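The primary structure of each chain is shown beneath.
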Amino acid sequence: MNQFRIAISTCIIVFVLLSQSFTGFCQATNAGLKLPQGFTAKKIIDTSGKARHLSVLPGGLIYVKMARPWQGKGILMLKENDKGQAAVVGGFSNYGGTGIYIKSGYLYASSNEEVFRYQLGEDGQVKNPDKPERIITGLKMGRQHETKSIVLDNDGNIYVNIGMPTNSCQEKDRQPGSMGIPGCPLLDSAGGIWQFRCDKPDQTYKDGIRYATGLRNVVGLDWNTQNNTLFVMQHGRDQLHDLFPALYTQKQSAEVPAECMYMIRKGDNAGFPFIYYDQVQGKKILAPEYGGDGKKEGSKEYIDPVVAFPGHLAPNGLLFYTGTQFPERFRNGAFVAFHGSWNRTPEKQEGYYVVFVPFENGKPSGKWEVFADGFSGVSEVLSPRQARHRPCGLAQGPDGALYVTDDVKGAIYKIEYKQ
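Keep in mind it's a predicted model, so treat the numbers as computed, not measured.

Colleague: Would you take a moment to explain the overall build of the protein chain for this structure?
Modeller: A tally of regular secondary structure across the protein chain gives three helices and 29 strands. Taking 22 Å as the expected radius of gyration for a compact globule of 419 residues, we find that the protein chain reaches 22 Å, a close match to that expectation. By principal-axis analysis of the C-alpha atoms, the protein chain measures approximately 85 × 60 × 40 Å. In the protein chain, which comprises 419 residues, the proportion classed as buried is 55%. Counting contacts in the protein chain only where the partners sit at least 6 residues apart, residues at least 24 apart contribute 56% of the total. For the protein chain, the accessible surface area stands at approximately 18500 Å², while carbon and sulfur atoms represent 50% of it. Distance between charge centroids for the protein chain: 3 Å, based on 47 positive and 41 negative side chains.

Okay, structure coming up:
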């Protein structure tokens, strides 16, 4: 009987070890990512720089915007070969930043204060990389939320995020008990989305339109072609407990407020800094800096999010999938890249993944789900420094593959569906 038990135990141990080895093999072949069945991933390059947003063209050309110039270049041009590996084959611009977008034969790119455009040749390469046309200048930049993400519509307009240079528009930023500046006059030039023409040089605030306001900071944004509407992902405010410990527990502060996806129409106001959206209560809540106590509801004049995610996940990329490579249910849905949190203590940090939101007729049609996980490379993230990779930008390839950047080590992942 003992020999029989020993034999059974040995079989179990062998099975477990084989299972672990197989799981490890699957993750290794998918660049360490966990994906739905039928999907594969590979890391096509490590640049060692901070890769932010990107655009992918036919013929294997990839343009990547770097947070800071890498080897003196703020925009890298990569070439992907037929084996699924990419190499840096060029670069230009001497400014860092986040935004990059290709439309109608031009590459648009942003620094933290300006937006430029470069004409593309028939081969997809920039014609005069050292002589860009400056489209927008003089945008507000602070020490936080300084990046200028961009997207274009189909009518010759470019939309620029101008983040609020504070956490919550306090008299003394991030100081416990400091109240909000009445009316938050900073909203005249920040905390919203501005619309400009995409072909008019040297535009400033006076040439643009404050398209939407009350948005703390938007890094991920995209144009939905199904309903011809702008969608954005807002970074919610921080430190409810740190700033108002009598009103919020540490756990509440770790989970709230929501990271919100908004469908934006001209003239919309999302309410920041006067309110935040509490996804637990399912309500717009009056901010403590403006008389709130965590329960008082905010004004109904402010728009509601179309999706409310858990707090402090840091959404940095948004992409509507219009390709045909992925299964039908992904068609016209939204992918969101969550960069990962830093302020969910005492809870573990969250994010560090790409999620999917199903859409129908230009509106969310179901619950969101984690699509690609494992970027952090560790089972639990207690500090962002532990994360080996943090997803940031998203792009769709000509063949329908999904590309994801990482701004820790400059990796670029390519996710494909194999039937």
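Colleague: Got a minute to help me understand the pairing of strand β12 (residues 192-197) in this structure?
Modeller: Consecutive residues of a regular strand have side chains that alternate between opposite faces of the sheet. Where burial is concerned, most of β12 is hidden: five out of the six residues are buried. Where strand β11 (residues 157-162) and β12 come together, six bridges link them in antiparallel fashion. Bridge pairing in β12 links V160 to W194. Bridge count for β12 against strand β13 (residues 209-213) is four bridges, and the pairing is antiparallel. Across the sheet, residue I193 finds its bridge partner in β13, namely A212.

Colleague: Can you walk me through the sheet that holds strand β28 (residues 402-406) in this structure?
Modeller: Hydrogen bonds between backbone atoms are what pair the strands of a sheet, whose relative direction is either parallel or antiparallel. One open sheet holds the four strands; their spatial order is β1-β29-β28-β27, and the pairing between them is antiparallel. The open sheet is flanked by β1 (39-46) and β27 (391-396), the only strands paired with a single partner. Shown here is a sheet whose adjacent strand axes are inclined to one another by a mean of 25°, direction ignored. Taken together, the seven bridges between β1 and strand β29 (residues 411-417) define a ladder with antiparallel strand orientation. Following the sheet pairing, K43 is matched in β29 by Y413.

Colleague: Could you clarify how one ought to interpret the side chain of R117 in this entry?
Modeller: Along the polypeptide, R117 turns up in strand β8 (residues 115-119). By relative accessible area, R117 is classed as buried at 10%. Here the side chain of R117 touches C198 through a polar contact of 3.5 Å, landing on its backbone oxygen.

Colleague: What exactly am I supposed to notice about unusual backbone geometry here?
Modeller: For residues besides glycine, phi is generally negative; the peptide bonds are generally trans as well. Put simply, F272 and P273 share a cis peptide bond, and its omega is 5°. By secondary structure assignment, the location of P273 is in the loop between β17 (268-269) and β18 (275-278). A cis amide bond links T345 with the next residue in sequence, P346, at an omega value of 10°. In this fold, P346 is placed in the loop between β22 (334-338) and β23 (353-357). Here A31, not a glycine, exhibits a phi torsion of approximately 55°, which is positive. For A31, the position within the fold is in the loop between α1 (2-29) and β1. With a relative accessible area of 24%, A31 lands in the partly exposed category. In this structure, R174 is a non-glycine residue whose phi angle is positive, near 60°.

Colleague: Explain the nonpolar core here, please?
Modeller: It is characteristic of soluble globular proteins that their nonpolar side chains tend to be buried jointly. Judged by nonpolar contacts, the single largest core of 21 residues is most densely connected at F335, V354, F371, L402 and I415. Breaking this core down by element, the ones donating at least two residues are β1, β22, β23, β26 (369-372), β28 and β29. It is β29 that contributes the most residues to this core, three residues altogether. Every residue in contact with I415, bar those within four places of it in the chain, is listed here: L33, L35, F39, T40, A41, Q325, F326, F371, A372, A401, L402 and V404. Formed by 18 residues, the second largest nonpolar core is a distinct cluster that contains V151, Y159, L215 and Y262.

Colleague: Help me understand the packing of aromatic side chains in this model?
Modeller: Remark: the centre distance and the inter-plane angle together describe each pair of aromatic rings, the angle taken between the planes. The full count for this structure, using the stated rule, is 29 aromatic pairs. An angle of 50° between the planes, with centres 6.3 Å apart, marks the rings of Y106 and Y108 as tilted. Between Y159 and Y211, the aromatic rings sit 5.0 Å apart at their centres with planes inclined by 75°, giving edge-to-face as the arrangement. Here Y159, found in strand β11, pairs with Y211, found in strand β13; they are 52 residues apart in sequence, far enough to count as distant. A single burial state applies to Y159 and to Y211, both of which are buried.

Colleague: Would you take a moment to explain the pattern of salt bridges for this structure?
Modeller: When the charged atoms of two side chains with opposite charge come close together, those side chains can pair. This model, assessed by the stated rule, comprises 21 salt bridges. When the shortest N-O distance is used, the salt bridge between R52 and D407 registers 2.7 Å. With R52 in strand β2 (residues 51-56) and D407 in the loop between β28 and β29, this pair connects stretches of sequence that are 355 residues apart. For the pair R52 and D407, one class covers both residues: buried.

What counts as what
Residues numbered from 1 in each chain as written. Predicted model: local features only at pLDDT ≥ 70, side-chain atom pairs only at ≥ 80, totals over all residues. Heavy atoms only, no water. Helix = DSSP H or I, 4+ residues; strand = E, 2+ residues; numbered from the N terminus. Rg over C-alpha atoms; globule rule 2.2 N^0.38 Å. Buried < 20%, exposed > 50% of the residue type's maximum accessible area, 1.4 Å probe, protein only. Contact = heavy atoms within 4.5 Å. Areas by Shrake-Rupley, 256 points an atom, 1.4 Å probe, with all protein chains shown as cover. Lys, Arg positive; Asp, Glu negative; His and termini not counted. Charge placed at Lys NZ, Arg CZ, Asp CG, Glu CD. Pairing = 2+ DSSP bridges. Axes fitted to C-alpha atoms, helices over the stretch in contact; angles between N-to-C directions. Polar contact = N/O pair within 3.5 Å; in protein donor to acceptor, adjacent residues only side chain to side chain. Core = buried A, V, L, I, M, F, W, Y, C linked by side-chain atoms within 4.5 Å. Phe/Tyr/Trp six-rings, centres within 6.5 Å; stacked < 30°, edge-to-face > 60°. Salt bridge = Lys/Arg side-chain N within 4 Å of Asp/Glu carboxyl O.

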